[in-house]
Structures are given as C-alpha cells and as structure tokens.
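Topology and contacts: notes
Chain by chain, the residues run as shown.
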Amino acid sequence: MSLNQEKHQSPHHVVIVGGGFAGLEAAKQLGKAPVKVTLVDKRNFHLFQPLLYQVATGSLSPGDIASPLRGVVAEQKNTHVLMGEVVDVNPEQKKLILSDREIDYDTLVMATGVSHNYFGNDWSEKAPGLKTVEDALEMRRRVFASFEAAEKESDPEKRKALLTFAIVGAGPTGVELAGALAELAHTKLKEEYRSVNTSEAQIYLIQSGERVLPSFKTVLSEKAQIELEKLGVTVLTKTRVTNIENNIVTIRSGETTQEIPAHTILWGAGVKASAVSQAISNRTGAELDRAGRVFVNEDLTVPGYPDIFVIGDLANYSHQGDSPVPGVAPAAMQEGFYVAKLIQKRLKNKTLPPFHYIDYGSLAVIGRHQAVVQYKAIRFSGPLAWFAWLFIHIYYMIEFDNQLIVMIQWAWSYFTGQGGARLITEKATKAPTYEECQARYTPLVTSESSGEA
C-alpha cells in the first residue's frame, strides 16, 4: 500500500530518531514537505562530532560545536522536537516507545548512531572514548588534571606517569587526539608551568593493525606516522592492548609483552551501534553485523518493513562496493537527504533508484600545518591539506554563529598560540543506559499485541 493510500485525518507522520548528521539532514529536507515531522533525541542539541577532540584538548568549548535542535528547525512549522530516550519499537502497531511515552508513526527513521566498543572489556571508566560532550569534557578533565598533578609531584617516576598519555586506536580520532596532545604538551603549555617541563610528556598511539589511518592509502598512512613522530608521538603498530588496570596499559606485540604506566588513557579503537539496533532486530528480525549495525535494503529500509528506515552509523549499507558505506558525516547526510526525498516521492506514488553513496574523500588532521587528504586518485598532505581540512570542517558546521566562533578561535590560536577552554571541571554524570530506561518503563502493549512470538 502506498503512503498516500493510507487513510489519515492528519498529515503523514514521519518520526525521526536522532539529531545527528543523518537524522537532522532528513528533518531539514522534510521542512517544507506536506508531512508532520517529530524529531526525537535524548539530547536537545546537534553535536559536530568531528571536532570533539578539540574540546577534549581544550582548543574549543562544547558550545562552539553544538547547535540547539529547536533552533535549527525553528522555521520549520511542520517539525516538532522531543527530548526523549527510545527503549523499543512496535512495528506492528507503528509505535515508537520512549521511556515516558509512546508515539504513533507512519514512517520511522532511525538514526541513533554508535557508541564506543571495548570488545567485551570493562574499560569504559579507565579509558574514556570520544562520542559525546560528556566524553570530551571527561577527557579534558583528565588531561589537564594530569598536568596539574605533575606540577606538584616530586617523585620522578610518578611525575613521568602523570605526563604519559596512551591513546588506543589510530583511526582519525586517535591520530587527531595524539597530534593535538603533542602540540599542547610540547608547545602551548611549555611556558605556563614552573615546576614541570610539559615538553617531557610522552604520548603513545597504540594500533593493533599494521599502520595508522588504515582507511587511507598506504602512502598517506606513512606520511601521517612520520608527522606524528616529528611531533614527539610514539607510534606502536601491530600492538594489542591486553589489559588496562591501575593506570597501567599492558600491550603485546608479537611475543613481547610490555607495561606502560600512563595516568591518562584515551580510547579510539572501535565503535558499536547504539542499543536501539537490538530492539529493531528483536521486533523485525533484521540481521545485525558484528558491530550491531542493521543490514538495510538498497533503499535504506529494514527488510520486510518499508515504513522503517535505518540511516547513518546505525546502518550497514553493503550494496555498493566491497565494504559497507563508511560511518562518516558526508555519508550520513547523503542518506538523510535520500530518505527525505524518497518519503516525498512515495506520497505521490513514485519512488527513487537505490541509494548511491558519493565518496567526497577522507581527511585527517595531524597537527599545525599538517593533514592528509584522500579523494579518489588524488592524495596529498601538508599545509594545503591542512587548509582543506579547515575549510571543509567549517563548511559542514550547522549554524553560522558556530562557524564564525570556531574561525575566530582557530585564528586567535594560530597567531598567538593561546586561547581555548582549558578548564578542569567535575567528573561528568553519565546519561541513563538503555537498560535503565527500560527498567523504569511500564509497557503499554503486551507481548502478544506487539507481535512477539
């Protein structure tokens, strides 16, 4: 049955879960469509995640890279924003179940993203990842608290551990964190401490694979490693972390095991889909990949459920090339754009060809004047790549005021070496988990009525 054949007293209701790049793009594209849009997110803001590492290292403040969702869609009269936590979905009754209410939908778009993957290890408190504002603030707290503690420490070995930073995972997040930390310790903070030489800080970048930036071509990975080592980063490839305990990282390379005393341990080694993917799988029978992402059809719908779309990092789209569409912002935005257009086509009894991802290339910044850029057969690095990285990141920011603020902050930091937000705040309070939300929710439907066996 086509969408416009359904009998409704009100406009077709599109519920979008997730205000990240994918979900927000879908909502914006539906802003003038003859539909009712409800945008649901557990936060009330869109976060520009590619620059979270700069919040973690004190270059930017959280507000510089966050945009209130209500403000972004304020001019869209058909769009309603709800702050809430999704705990389940009932596809038979077309209901999205939040921790405190249920929402009826005609079309559901799931774009809840991913979280950290510790591969079965209980290391989240010992080595925070970098996906949320709270994560970035916790990293910032640990980084600058280490420098402050080192300033007061008289024991050389303890001071060395306080000035040792271990970053697990050498994808773009790990590489950018390592470069920013090295610049911070070896240049920006040198004149600010009196009892400790911050340039003595050791930064370890630990990668289980053969090279850093494994998604890039080998020549760019090698260039990135050379530039990191120039900054003073110790790059350890073909090295696995086997344990993290008592501020000690145990690593294994071949048959050799080594312990690194590191007061600050940061995680960037992997991601897994949000817990909502399991609810989707339970209710629809959709298959999940090893990271918990939902395998979707060529039109980004869940198999057997044409009224449920899964997009962004939550989706595994494996219908193009040898590997799934990457979990990057341009891919998420393209998926959000496609889904919005397909919904509008369906309202007119029309359709679209399968989704096709256009790869606009990959970028990673290493340090001041150094970055790597990869676009099809074009590969380059150095200052030109760095300026390309700056321009593209500014371009993709949602609101003009964020673009302006970040440009001013970067310019000030570039010319003076100062600036940023090096505040040590209290430890962030974690948001409720998926299981905690489920525990306090009383279902309004029975298992029988929800289609469960």
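Everything in this summary refers to the structure shown in the same document. Just so it is clear, the model here is predicted, and its values are computed rather than measured.

Before going further, it helps to examine the overall build of the chain. Counting secondary structure elements, the chain contains twelve helices and 25 strands. Relative to a compact globule of 453 residues, whose C-alpha radius of gyration would be 22 Å, the chain shows 23 Å and is just as compact. Each of the three principal axes of the chain carries a C-alpha extent, and together these read 75 × 45 × 40 Å. Put simply, 63% of the contacts in the chain that link residues at least 6 apart link residues at least 24 apart. Positive and negative side-chain charges of the chain, numbering 46 and 50 respectively, have mean locations separated by a distance of 4 Å.

The next subject is the packing of helix α4 (residues 133-152) against helix α6 (residues 172-188). Interaxial distance between α4 and α6 falls to 13 Å at its minimum, and their mutual angle equals 30 degrees. One element, α4, and the other, α6, form an angle in the roughly parallel class. Crossing geometry of α4 relative to α6 is assigned as right-handed. Counting all contacts with α4, which are made through Met139, Val143, Phe144 and Phe147, the residues of α6 involved are Leu177, Leu181, Leu184 and Ala185. Across the contact of α4 with α6, the residue classes tally to eight nonpolar, no polar and no charged.

Counted according to the given criterion, the structure contains 13 salt bridges. Taking the shortest distance from any N to any O, the salt bridge between Glu134 and Arg43 comes out at 2.8 Å. With Glu134 in helix α4 and Arg43 in the loop between β2 (35-41) and β3 (45-47), the pair connects residues that are 91 residues apart, well separated along the chain. Relative accessible area serves as the criterion here: at 23%, Glu134 is assigned to the partly exposed category. Among the residues examined, Arg43 registers a relative accessible area of 17% and is labelled buried. Measuring nitrogen to oxygen at the nearest pair gives 3.5 Å for the salt bridge that ties Asp299 to Arg346.

This next bit is on the nonpolar core. Core analysis: the biggest nonpolar cluster contains 121 residues, and Leu51 and Phe147 have the highest contact counts within it. Each of domain 1 (13-116 + 272-361) and domain 2 (118-269) contributes no fewer than three residues to this core. Once you skip the residues sitting within four places of it in the chain, Leu51 turns out to touch Leu60, Ile65, Trp389, His393, Met397, Val406 and Trp410. Tyr118, Tyr204, Leu236 and Val249 belong to the second-largest nonpolar core, a separate cluster that totals 16 residues.

Attention shifts here to the packing of aromatic side chains. Per the counting criterion, the structure on display carries eleven aromatic pairs. Aromatic pair Tyr118 and Trp267: ring centres 4.8 Å apart, planes at 35 degrees, arrangement tilted. Of this pair, Tyr118 sits in the loop between β10 (114-116) and α4 while Trp267 sits in strand β17 (residues 264-267), placing them 149 residues apart in sequence. An angle of 40 degrees between the planes, with centres 5.4 Å apart, marks the rings of Phe147 and Phe165 as tilted. One end of the pair, Phe147, is in helix α4; the other, Phe165, is in strand β11 (residues 164-168), with 18 residues separating them in the sequence. Given the relative accessible area of 0%, Phe165 is considered buried. In textbook terms, an aromatic cluster arises when at least three aromatic residues are bridged by ring pairs, as seen for Phe144, Phe147, Phe165 and Tyr193.

Turning our attention to a nonpolar patch on the surface. On the surface, Ile358, Tyr360, Tyr375 and Ile378 cluster together to form a nonpolar patch covering roughly 380 Å² of accessible area. Structurally, Ile378 can be placed in strand β25 (residues 378-381).

Pairing of strand β24 (residues 370-375) with β25 involves four bridges; the strand directions are antiparallel. Paired with Val372 across the bridge in β25 is Ser381. Linking two consecutive strands that pair antiparallel, namely β24 and β25, is a turn of two residues; a positive phi of about 50 degrees is found at Lys376 within it.

The rules behind these values
- Residues numbered from 1 in each chain as written.
- Predicted model: local features only at pLDDT ≥ 70, side-chain atom pairs only at ≥ 80, totals over all residues.
- Heavy atoms only, no water.
- Helix = DSSP H or I, 4+ residues; strand = E, 2+ residues; numbered from the N terminus.
- Rg over C-alpha atoms; globule rule 2.2 N^0.38 Å.
- Contact = heavy atoms within 4.5 Å.
- Lys, Arg positive; Asp, Glu negative; His and termini not counted.
- Charge placed at Lys NZ, Arg CZ, Asp CG, Glu CD.
- Axes fitted to C-alpha atoms, helices over the stretch in contact; angles between N-to-C directions.
- Parallel < 35°, antiparallel > 145°, perpendicular 65-115°, else oblique.
- Left-handed = near helix turned anticlockwise from the far one by under 90°.
- Nonpolar A, V, L, I, M, F, W, Y, C, P; charged D, E, K, R; others polar.
- Salt bridge = Lys/Arg side-chain N within 4 Å of Asp/Glu carboxyl O.
- Buried < 20%, exposed > 50% of the residue type's maximum accessible area, 1.4 Å probe, protein only.
- Core = buried A, V, L, I, M, F, W, Y, C linked by side-chain atoms within 4.5 Å.
- Domains from an automatic or database assignment.
- Phe/Tyr/Trp six-rings, centres within 6.5 Å; stacked < 30°, edge-to-face > 60°.
- Patch = residues over 30% accessible without salt bridge, like charges linked within 9 Å, V, L, I, M, F, W, Y side chains within 5 Å.
- Areas by Shrake-Rupley, 256 points an atom, 1.4 Å probe, with all protein chains shown as cover.
- Pairing = 2+ DSSP bridges.

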